Amino acid sequence: MAPPGDDDGNRPERGVDRRRVLQLLMGGSTAVLAGMAAAPVASYLRPLALPEAEAVAAIDDSLGLWEARQVVVAGRPVLVVRTNEGVRAFSAICTHLGCVVKWRKGRREFFCPCHGARFDAEGRVRGGPAPRSLARLEVSEEPGAIVVRKT
Amino acid sequence: MSRSRRLWQSLDRRTGLGTSIRRFAAYRVPADTGKPVSLGAVLVFALLLQLATGMLLLFHFVPDPSGAFESVRALMRDVPYGWLIRLAHAHGASFLVAIAFVHLFHAAFRGSYKDPREAVWWSGCVLFLAILASALTGYILPWSQTSFWATTVVTASLSYLPFVGQSATEWVRGGEWVGDATYRRAFAAHVALLPLALVAGVAVHLAWVRRVGLAGRPGRRADAEGPAPIPVWPRVALRAALACGVFAMALVASVVFAPNLFFPVEHALPADPFDTPLNVKPEWYFLWAYALPRFMPERLALIVQAGLLLALFALPLVDRSPRRHPRDRPYLTTVLIGVVLAFVALTIAGARA
């Protein structure tokens, strides 16, 4: 930026230049101070990481064909369902907007009460607004128990 | 001179209180101000009522997920007149939002946002959003099933924002899931941040209204002169007082005769993060946004909402002609009517879904 001068192209007086420099210094230091105050506040408001909850859950193996049971794995709801191809475990969190899906035995599907998303017994989207399949969890049948793990 | 008169005069000399009141009473506004309803005055009144009842609630309310629901129950059953304070606050929120909607559309139809009143419009838009944010955060605090699941759905919808979606959701929630951190954020915003912002915002809004004057009823031609302005006292002030009185009666009537008007059954159940009840719905003023994703993909619904927000603020920049009468700007009037009809239709669709 050219230094301001009068109509005759004279250089401005020294005092004016100095004033401009002081203004810049004042403005700059205020901005820096504001930033220094804002940075800790921004960090302060950042979400805290929670300690991981128990990532394993077990139910007894009385689960009948096409029946489902809800368990809690790592603090979140999980649905265990026995299909004719074996036992499956899915996160019960709907992939649309996070509501907890329910198992409809008669229709052999998961149903979300919030916006009506539906998933088949393999967790795949069958209808409604859900963008993705339900997240699948590792499940194993052990003597007398069905064990679900979040890996 | 009587003793009380002397006391008043000595107070006035030191504070200028009387002068301020006289100046306000003599302030001239368009002759039809407050006809048929003084929406702005009722809004200020409703907001003051929310502040008063909200402060009173804090004397008994336990602001923590572990105790909130039980404390609200105690407020309703055990605390003398707790039901009155609590219901006045909860119903008052719905009334406040409703009147704010009408105030906003009234200003839009009348073209009250035009030069030199753009700043008044923008401050009003910010206030409108702060009112919606207050309603949303307040809905969380009882930690009922509807509180919990409405919060889950609203915060999850942010995850469809491009690029920043997931982090926006987590930032608002204060963690990966809705929980204690979410609750504390909502509480801090609802009882400290938003009330302060609303009070300051109203002060700014009114100062700017005073500076540029009320727009008044638009004439058919831009240069049309309306009737001569009149002072605030007595006619306009009494109209405002009457409107506030009618509002107060309507609020009391809804609290006494229809206490559950705004509460679904699920609002009477404590939050359960492992069980989403059937038919979770937001409060009536968010039903339109709840219904949107039923007709379009989530991302498009977000774009529509962002577009509406942008249009709200951009209105004075888009419609710059000095003509204010709705019939002098048929396109915009048509669009506004369309928005109102779409809002009503989506609200009905959301309520029925």
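Overview of the structure. (Residues numbered from 1 in each chain as written. Chains lettered and ligands numbered in written order. Predicted model: local features only at pLDDT ≥ 70, side-chain atom pairs only at ≥ 80, totals over all residues. Heavy atoms only, no water.)

**A closer look at helix α9 (residues 180-212) of chain B**
Along an α-helix, a turn takes 3.6 residues, which lines up residues three or four apart on a common side. All names here are of chain B. In a regular helix each residue adds 1.5 Å, so 33 residues correspond to 48 Å; α9 covers 46 Å between its end C-alpha atoms and thus fits that length. If you look at α9, its biggest bend is around 45°, right at A189. Those residues of α9 that sit buried are T182, Y183, A186, A189, H190, L194, P195, L198, G201, V202, H205 and V209. Next to the buried residues of α9 lie α3 (39-57), α4 (68-77), α5 (82-110), α6 (118-140), α7 (145-157) and α8 (165-173). (Helix = DSSP H or I, 4+ residues; strand = E, 2+ residues; numbered from the N terminus. Expected span 1.5 Å × (residues − 1). Bend = angle between axes of the 7 residues up to and from the residue. Buried < 20%, exposed > 50% of the residue type's maximum accessible area, 1.4 Å probe, protein only. Contact = heavy atoms within 4.5 Å.)

**Let's talk about α8 of chain B**
All names here are of chain B. Here α8 has its buried residues at G165, A168, T169 and R173. Here the buried residues of α8 occupy an arc of 125° about the axis, which is enough to place them on one side. Buried residues belonging to α8 abut α7 and α9. Where α8 terminates, the next one or two residues include G174, which has phi positive at roughly 75°. (Arc of directions from axis to C-beta.)

**Quick word on the state of the cysteines**
All names here are of chain A. Tallied over the full model, the rule gives one disulfide over all chains. At a sulfur-sulfur separation of 2.0 Å, the disulfide partner of C99 is C114. Its S-S torsion of about -85° marks the bond between C99 and C114 as left-handed, since a negative value means left-handed. Of this pair, C99 sits in the loop between β4 (86-91) and β5 (102-104) while C114 sits in the loop between β6 (109-111) and β7 (118-120), placing them 15 residues apart in sequence. Using a relative accessible area of 1% as the deciding quantity, one classes C114 as buried. Here C94 is not cross-linked by a disulfide; its sulfur's nearest cysteine counterpart is in C112, at 3.8 Å. (Disulfide = S-S within 2.5 Å.)

**Let's talk about the packing of aromatic side chains**
Residues and elements named next belong to chain B. Tallied over the entire structure, the rule returns 15 aromatic pairs over all chains. Geometrically, the ring pair formed by F95 and F262 is edge-to-face, given 6.4 Å between the ring centres and 80° between the ring planes. Taken together, the residues F95 in helix α5 and F262 in the loop between α10 (232-257) and α11 (287-295) connect sequence positions 167 residues apart. With respect to burial, F95 and F262 carry one shared label: buried. Measuring from ring centre to ring centre gives 6.3 Å for F101 and W284, while their planes differ by 45°; the resulting arrangement is tilted. (Phe/Tyr/Trp six-rings, centres within 6.5 Å; stacked < 30°, edge-to-face > 60°.)

**Concerning unusual backbone geometry**
Look at the link from D115 of chain B to P116 of chain B: it is a cis peptide, with omega at 10°. Following the sequence through the fold, P116 of chain B ends up in the loop between α5 and α6. The phi torsion at W66 of chain A lies on the positive side, around 65°, for a residue other than glycine. By the secondary structure assignment, W66 of chain A is in the loop between β1 (56-60) and β2 (68-73). For W66 of chain A, a relative accessible area of 11% gives the class buried.

**Topic: the interface of chain B and chain A**
The accessible area lost on association of the parts is a frequent measure of interface size. At the interface, 23 residues of chain B touch 22 residues of chain A. For chain B, the biggest contributors to the area lost against chain A are W177, F274 and T276 of chain B; these three give 31% of the whole. Between the two partners, chain B and chain A, sit one salt bridge. Across the contact surface, chain B and chain A share 10 residue pairs in polar contact (both at pLDDT 80 or more). When contributions to the side of chain B that touches chain A are tallied by element, the ones reaching two or more residues are α7, α8 and α11 of chain B. Tallying contributions element by element places α7 of chain B first for the side of chain B that touches chain A, with five residues. By residue class, the composition of the side of chain B that touches chain A is 12 nonpolar, six polar and five charged. (Buried area = accessible area lost by both parts, 1.4 Å probe. Salt bridge = Lys/Arg side-chain N within 4 Å of Asp/Glu carboxyl O. Polar contact = N/O pair within 3.5 Å; in protein donor to acceptor, adjacent residues only side chain to side chain. Nonpolar A, V, L, I, M, F, W, Y, C, P; charged D, E, K, R; others polar.)

Nothing here speaks to function; it is all geometry.
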